[in-house]
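Per-entry structural report
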Amino acid sequence: MAVTSPHSESVPRHVAIVMDGNGRWARKRFMPRGLGHKAGVDALVKVVQASADRGIGYLTVFAFSSENWKRPEEEVSGLMSLLLVALSKHLTKLKADGVRIRIAGDLANVSEKVRNALLDAEAATVGNARLTLTVAFNYGGRWDIVQACQRAIAAGVAADKLDEAALSRHMAMSYAPDPDLFIRTGGEVRLSNFLLWQSAYAELVFTECLWPDFDADELDRALAVYAQRERRFGDVGSSGQGEGGIGHALSASSSGNP
Ligand code: FPP
């Protein structure tokens with residue numbers, strides 16, 4: 001039975017995932033890429049459950065990037081169809097499990113059918129608070145920064161008042177804390193334009209595991225790596241406290257004290 005553990009400091013409040021490796025997972029099995037994406041949906045459903053069970057409050061996944069339109073038309077339309085199927089198959093259970101679905105991305109350029117399905121999923125789960133699952137769809141980190149600037153200006157924020165806090169309020173995920181842990185599966189070591197603004201101090205974990213193989217055990221491995229990291233946010237951190245920094249080191253060595 002799933003047990004929700006209370007939130008502790010070593011558990012990230014917000015985990016962001018680049019779900020990479022679906023195509024290679026399929027190719028290894030001599031299957032079409034679309035079946036890799038289908039297996040990717042199954043992995044996502046399990047990881048959502050596991051995240052909620054571990055007390056993670058926010059999970060954000062890169063489902064379709066603003067660059068993914070460059071893929072063959074057949075793969076793009078396959079991903080759109082898969083999204084519709086996945087929502088109709090899993091929405092009821094996600095809702096019952098207390099998952100709130102939110103969408104981050106430019107929905108102006110997606111089909112009306114897909115846009116409505118995404119907005120309906122948001123509306124259907126608006127009362128849930130156990131885990132917020134943000135599906136980044138037609139999303140790009142640079143798009144997000146630009147649209148935040150545009151919305152801030154449209155809201156009348158003056159140039160000299162446009163500071164980090166003001167811009168954060170207009171980012172697509174202004175409702176969520178910044179990601180603590182950024183995971184990328186599939187072996188590539190790059191951010192690929194995901195959550196550029198929000199991930200300024202995220203701990204990065206890259207794994208060779210292909211996304212369809214990512215499960216609760218893999219999540220636990222990433223969480224264990226995260227728990228070992230010392231987060232300093234530009235400060236010296238606990239290991240540097242009390243040593244007096246470079247001034248102390250210089251005066252200690254020049255005074256001849258041990
Ligand atoms: C990257 O793998 C993955 C994607 C571009 C899509 C991720 C989508 C899912 C996990 C399914 C859920 C989302 C929707 C839209 C239904 P890749 O295809 O780049 O893998 P490769 O690097 O091995 O080719």
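Residues numbered from 1 in each chain as written. Predicted model: local features only at pLDDT ≥ 70, side-chain atom pairs only at ≥ 80, totals over all residues. Heavy atoms only, no water.

1. Notes on unusual backbone geometry
Heads up, the condition is: Note on conventions: DSSP H or I runs of at least 4 residues are helices, E runs of at least 2 residues are strands, and numbering of each starts at the N terminus. When accessible area is computed with a 1.4 Å probe and restricted to protein chains, residues below 20% of their type maximum are described as buried, those above 50% as exposed, and intermediate ones as partly exposed.
The phi dihedral of F30 is positive, around 55°, even though this residue is not glycine. Within the element layout of this structure, F30 appears in the loop between helix 1 (22–28) and helix 2 (33–53). Classification of F30 as exposed rests on a relative accessible area of 80%. Positive phi, close to 50°, is recorded for S192, a residue that is not glycine. Topologically, S192 is positioned in the loop between strand 5 (181–184) and strand 6 (203–206).

2. Concerning the packing of helix 2 against helix 3 (residues 73–96)
Using the following cut-off: To obtain an axis, a line is fitted to C-alpha atoms, over the contacting stretch when the element is a helix, and the angle between two such axes runs from 0 to 180 degrees between their N-to-C directions. Note on angle classes: values under 35 degrees are labelled roughly parallel, values over 145 roughly antiparallel, values of 65 to 115 roughly perpendicular, and the remainder oblique. Two helices crossing with the near one rotated counterclockwise from the far one by less than a right angle form a left-handed crossing, whereas a clockwise rotation gives a right-handed crossing. A contact between two residues is defined here by any heavy atoms of the two lying within 4.5 Å.
Packing of helix 2 against helix 3 brings their axes to within 10 Å, and their N-to-C directions diverge by 30°. The orientation of helix 2 with respect to helix 3, classified from their angle, is roughly parallel. Crossing geometry of helix 2 relative to helix 3 is assigned as right-handed. Where helix 2 abuts helix 3, its residues R33, H37, K38, V41, V45, V48 and Q49 lie against E75, L79, L82, A86, H90, K93 and L94.

3. Brief notes about the pattern of salt bridges
Here is the rule we go by: Counted as salt bridges are all cases of a side-chain nitrogen of Lys or Arg within 4 Å of a carboxyl oxygen of Asp or Glu.
Under the definition given, this model contains 14 salt bridges. Where D180 meets R231, a salt bridge forms, and the shortest distance between an N and an O atom there is 2.9 Å. One end of the pair, D180, is in the loop between helix 6 (164–168) and strand 5; the other, R231, is in the loop between helix 7 (216–228) and helix 8 (245–255), and 51 residues separate them in sequence. Overall, D180 belongs to the buried group, its relative accessible area being 11%. Take R231: its relative accessible area is 23%, and that puts it in the partly exposed class. Residues E218 and R221 are paired through a salt bridge, measuring 3.2 Å at the closest nitrogen-oxygen approach. Taken as a pair, E218 and R221 lie in helix 7 at a separation of three residues, close to a single helical turn. Accessibility expressed as a relative area gives 17% for E218, which makes it buried.

4. Details of the sheet that holds strand 2 (residues 58–65)
Defined as follows: Whether two strands pair comes down to DSSP finding at least two bridges between them.
Spatial ordering of the open sheet is given by 3-4-2-1-5-6, a layout of six strands whose pairing is parallel. Bordering the open sheet on either side are strand 3 (99–104) and strand 6, each of which pairs with just one other strand. Across this sheet, the average inter-strand angle for adjacent strands is 20°, counted without regard to direction. The pairing of strand 1 (residues 14–18) with strand 5 spans four bridges and is parallel. Residue I17 lies in a different strand from strand 5, and its bridge partner there is I183. In the packing of helix 3 onto the sheet, contacts are made with strand 2, strand 3 and strand 4 (131–139), and the angle to strand 3 comes to roughly 155°. Strands strand 3 and strand 4 of the sheet are contacted by helix 4 (residues 112–124), whose axis makes an angle of about 140° with strand 3.

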